[in-house]
Amino acid sequence: MIEHKFFNISLFLLLLFSGDLSGDLSLSFTVRDGDNVTLPCENMIKNHHSCDTTTWLFTDSRGKAAVELVNLGQIKETVKSDRLSVTAECSLVIKKVTAEDVGRYTCRQFRGNPGKQQGPDAVVYLSDVIMTEQKSRDQVTLNCSVQVHGHCEHKVKWIHNSEGLNRDYSNIKTLQSPCSAAVTFIKSSYSHISNSDFKCNVTTEDGREQLFTFSPHSSGKKGGEILMIMIKF
């Protein structure tokens, strides 16, 4: 529970691109499904201390037309408006992130009547890490996948007690793809081990890493519950 709150407060910020020549600003956040995230607006007008010039747009991972989430500092009515808020610095706060929130967020500044855009767009890409647990009669499978905007080049693997699970063992099978990883445990190998021993390691295409402790939000389990698994190396 403590680590879950830590990720809500201190999210790992990945600076993908800062184009000094073009003036474009692009940031990327990868967060756990169900966590909160604050997306900064990096193109604020200098010496302007209000959000009445700020507009936020959202383009989902399917590439649909952009949806206006915030217009001149005011949150607009959308399917996610009850989970949105704007900070004093005009950052966009999204509560309880889901896969539907994955995409491109664009912050723009407008001035005048009619409003004229001031400066370049500030873009933030949001990715979502989803972890699930599947139980059958004879085995348990842990899945970790990353939902991204556009083509996914993230690498995902499970880690147990600081050791990467990137091969098969006597009582565990692994499966990895560019944006997901799964480990399957045989039921006869169970023993009391905290689920906090298992972490999902996510590496972006530029080599940045994040660790997410196993926590299947979709199952409704609490962080303190015990996952009964023992690995034999």
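About the thresholds
- Residues numbered from 1 in each chain as written.
- Predicted model: local features only at pLDDT ≥ 70, side-chain atom pairs only at ≥ 80, totals over all residues.
- Heavy atoms only, no water.
- Pairing = 2+ DSSP bridges.
- Helix = DSSP H or I, 4+ residues; strand = E, 2+ residues; numbered from the N terminus.
- Buried < 20%, exposed > 50% of the residue type's maximum accessible area, 1.4 Å probe, protein only.
- Disulfide = S-S within 2.5 Å.

Draft legend 1. Up close: the pairing of strand 11 (residues 122-135). Sheet topology note: the strand 2 (residues 25-32)/strand 11 ladder contains eight bridges and is parallel. Among the inter-strand pairings, L25 is bridged to a residue of strand 11, identified as A122. In terms of strand pairing, strand 11 meets strand 12 (residues 139-147) through eight bridges, oriented antiparallel. Note on strand 12: the bridge partner recorded for D128 is Q147. In sequence, strand 11 turns back onto strand 12 through a hairpin of three residues.

Draft legend 2. Up close: unusual backbone geometry. For N47, which is not glycine, the phi dihedral falls at a positive 65°. Within the fold, N47 resides in the loop between strand 3 (37-39) and strand 4 (54-60). For N47, a relative accessible area of 74% puts it in the exposed group. Not every positive phi belongs to a glycine, and L72 is a case in point at roughly 50°. Topologically, L72 is positioned in the loop between strand 5 (67-71) and strand 6 (74-75).

Draft legend 3. Representation of the state of the cysteines within the structure. Under the counting rule described, the total for this entry stands at four disulfides. Covalently, C51 is tied to C90 through a disulfide, its sulfur atoms 2.0 Å apart. Linking C51 and C90, the disulfide has an S-S dihedral of approximately -105° and is accordingly described as left-handed. Here C51 is found in the loop between strand 3 and strand 4, whereas its partner C90 is found in the loop between strand 7 (84-86) and strand 8 (92-94), with 39 residues between them in sequence. No difference in accessibility class separates C51 from C90, as the two residues are buried. What pairs with C152 in a disulfide is C179, and their sulfur atoms sit 1.3 Å apart. With a gap of 27 residues between them, C152 in the loop between strand 12 and strand 13 (155-160) and C179 in the loop between strand 15 (172-177) and strand 16 (180-186) connect regions that are remote in the sequence. Overall, the relative accessible area of 15% leaves C152 in the buried class. Classification of C179 as buried rests on a relative accessible area of 14%.

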